[in-house]
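Below are the chains, spelled out letter by letter.
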Protein chains: 2
Amino acid sequence: MERKSIVIVGLGLIGGSMALALQGFEDYEIVGVDVSQPTLRFASEHSVADRICADAGTVIPEADLTILALHPRGIVRFLSEHRDHFKTGSLVIDVCGIKTAIMEGAKVLPDSVDFIGCHPMAGTEFSGIEHAFRELFQGSHLILTPRPESTQDHLDLLERLAAYLGCQDVFRTTPEAHDAMIAYTSQIMHIIAVSVCDDPNLFSCKGFEGSSFRGCTRVAALDVGLWTELFSMNTPALLEVLDRLMENLTAYRDTLAGADPQKLAEKLSYSAARKRQMNLQGPDLLA
Amino acid sequence: MERKSIVIVGLGLIGGSMALALQGFEDYEIVGVDVSQPTLRFASEHSVADRICADAGTVIPEADLTILALHPRGIVRFLSEHRDHFKTGSLVIDVCGIKTAIMEGAKVLPDSVDFIGCHPMAGTEFSGIEHAFRELFQGSHLILTPRPESTQDHLDLLERLAAYLGCQDVFRTTPEAHDAMIAYTSQIMHIIAVSVCDDPNLFSCKGFEGSSFRGCTRVAALDVGLWTELFSMNTPALLEVLDRLMENLTAYRDTLAGADPQKLAEKLSYSAARKRQMNLQGPDLLA
């Protein structure tokens, strides 16, 4: 009997880290695919996957699980080009940061191939295989947007895979709810970070920054191609969140300008209590 | 000959961490002062300082260095109340987040007592002695706002003290420049964090957040009393920074709404390149 296989298409930060982290998962062979020669060479030299290859077409027909770790438009294109090459009964997932457009793109697949949208809430401000590391997903959330007809077997597989990656939990939602939520938890964080870095004082402030500045601006050094796609493919949701943020900033501006310490204290108490109630746990908290 | 002493007034997160971190510094005895009985008990039980006491008046007349680790208005009040109790030739410093108002308050001191404003760029979102830890200052910047007449001996002492705390460097600036810069690097980060937490989706987004969200919102769980004072005592500088941020966010809003991926990519490239050029190193980066 042939060995089961997981094919990861795209060995960047996320795909590369996933390849590293999935080695040894059950009895699956982990096959890494990329079109870039330097990436393939790096992947081979560092044993990023059990097997490395340049041609997706030769390995996805045998894959029990195909993980598309490309940029969003690349995923949609790949699904369209390879719609007839996936193994019957197999599962295809993506791992990018938007879901509505991806689930729409996955409609080109034949009924015999299952597709589940996947978004591991993990990343760094770096991209490329040279920054991949197997601990990337530890403590992070994994979000799934299954189809109504996705099988329990496939959902179970992703639960076990998430546990093996070290994710703290797995959530399921709809693509639309995912995109609305991610506009708030992730996309607007990047818009804030780049906007803070557009300040004329950016360079002169060096030496005056602490962990709050580093924490807020870290992600400004983003992958421009990737984030242009993520923002462009989720603009309405992002604009809604951005407008709400501007309203909340304006409310603080008005309170500050009002110069009434009692009112300012009340407003800060409200926000700080909300944050404490949320009580987020994550691998990257300072204390 | 009597042992030299450093008196730390206020054993909260910063004062407590400093007391812990300064034990063993040269031949100084580290004396911790607080007015709260639970804090004094905790400090004694955990050997936060070499000696703990409740009455500043009994120890500051002997102190070679007095560190005021109180809230800003508490510092100004303490300086006024104890103006005649400090040892002749000694140095008094504060460690709070604003400097103009503090340097102004320090003018009540007699000429025989030196005062240097101090701001260690370190902290967490927690307050109180139970969160103090000796590693808090490691890798952080220490900013000094000396008087023109501050002595070289006192500046040298603070350089050695910073090295002992593990600070990565020491900067000197004017109180006004400090406050303008800190409005950008620290205060606005807190206004952003609380504004993000005012979003109605805060609680429903749990499970969808990653390190960018945690990094940006961490400091929203702030000490309301402290930050009300810091914001209130630096409002004009803070409003200037906030207005610039709103302009930069609006520019991103316009570009996103314009739905031209090429223009968005150009704008993101500009901001991301600035962030990369800044290349901040700190103890809390993800990778």
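Please refer to the structure placed before this passage.
Residues numbered from 1 in each chain as written. Chains lettered and ligands numbered in written order. Predicted model: local features only at pLDDT ≥ 70, side-chain atom pairs only at ≥ 80, totals over all residues. Heavy atoms only, no water.

All right, on to the interface of chain A and chain B then. The partner chain B presents 91 residues to the 91 residues of chain A that form the contact. Summed over both sides, the interface between chain A and chain B buries roughly 9100 Å², with carbon and sulfur atoms accounting for 68% of that surface. At the boundary of chain A and chain B, one finds six salt bridges. Here Asp 243 of chain B makes a salt bridge to Arg 253 of chain A, at a shortest N to O gap of 2.6 Å. Our count for the chain A to chain B interface comes out at 28 residue pairs in polar contact (both at pLDDT 80 or more). Listing elements by their share of the side of chain A that touches chain B, those giving two or more residues are strand E7 (141-146), helix H7 (175-197), helix H8 (211-217), helix H9 (224-232), helix H10 (235-258) and helix H11 (261-278) of chain A. By residue number, the principal contributor to the side of chain A that touches chain B is H10 of chain A, which donates 15 residues. Among the residues forming the side of chain A that touches chain B, the class breakdown is 48 nonpolar, 28 polar and 15 charged. (Contact = heavy atoms within 4.5 Å. Buried area = accessible area lost by both parts, 1.4 Å probe. Salt bridge = Lys/Arg side-chain N within 4 Å of Asp/Glu carboxyl O. Polar contact = N/O pair within 3.5 Å; in protein donor to acceptor, adjacent residues only side chain to side chain. Helix = DSSP H or I, 4+ residues; strand = E, 2+ residues; numbered from the N terminus. Nonpolar A, V, L, I, M, F, W, Y, C, P; charged D, E, K, R; others polar.)

Let us now look at the pattern of salt bridges. All names here are of chain A. This model, assessed by the stated rule, comprises 26 salt bridges over all chains. In this structure, the salt-bridge partner of Lys 4 is Asp 27, at a minimum N-O distance of 3.8 Å. Of this pair, Lys 4 sits in the segment before strand E1 (5-9) while Asp 27 sits in the loop between helix H1 (13-22) and strand E2 (29-33), and the two are 23 residues apart along the sequence. For Lys 4, a relative accessible area of 28% corresponds to the partly exposed category. (Buried < 20%, exposed > 50% of the residue type's maximum accessible area, 1.4 Å probe, protein only.)

Mapping chain A onto chain B calls for a screw motion: a turn of 180° about the axis and a shift of 0.0 Å along it, with 0.0 Å RMSD after fitting. Considering both components of the superposition, the chain copies are consistent with a two-fold axis. Looking at chain A, 100% of its interface residues are interface residues in chain B too, so the copies touch through the same face. (Least-squares fit on C-alpha atoms with pLDDT ≥ 70 in both.)

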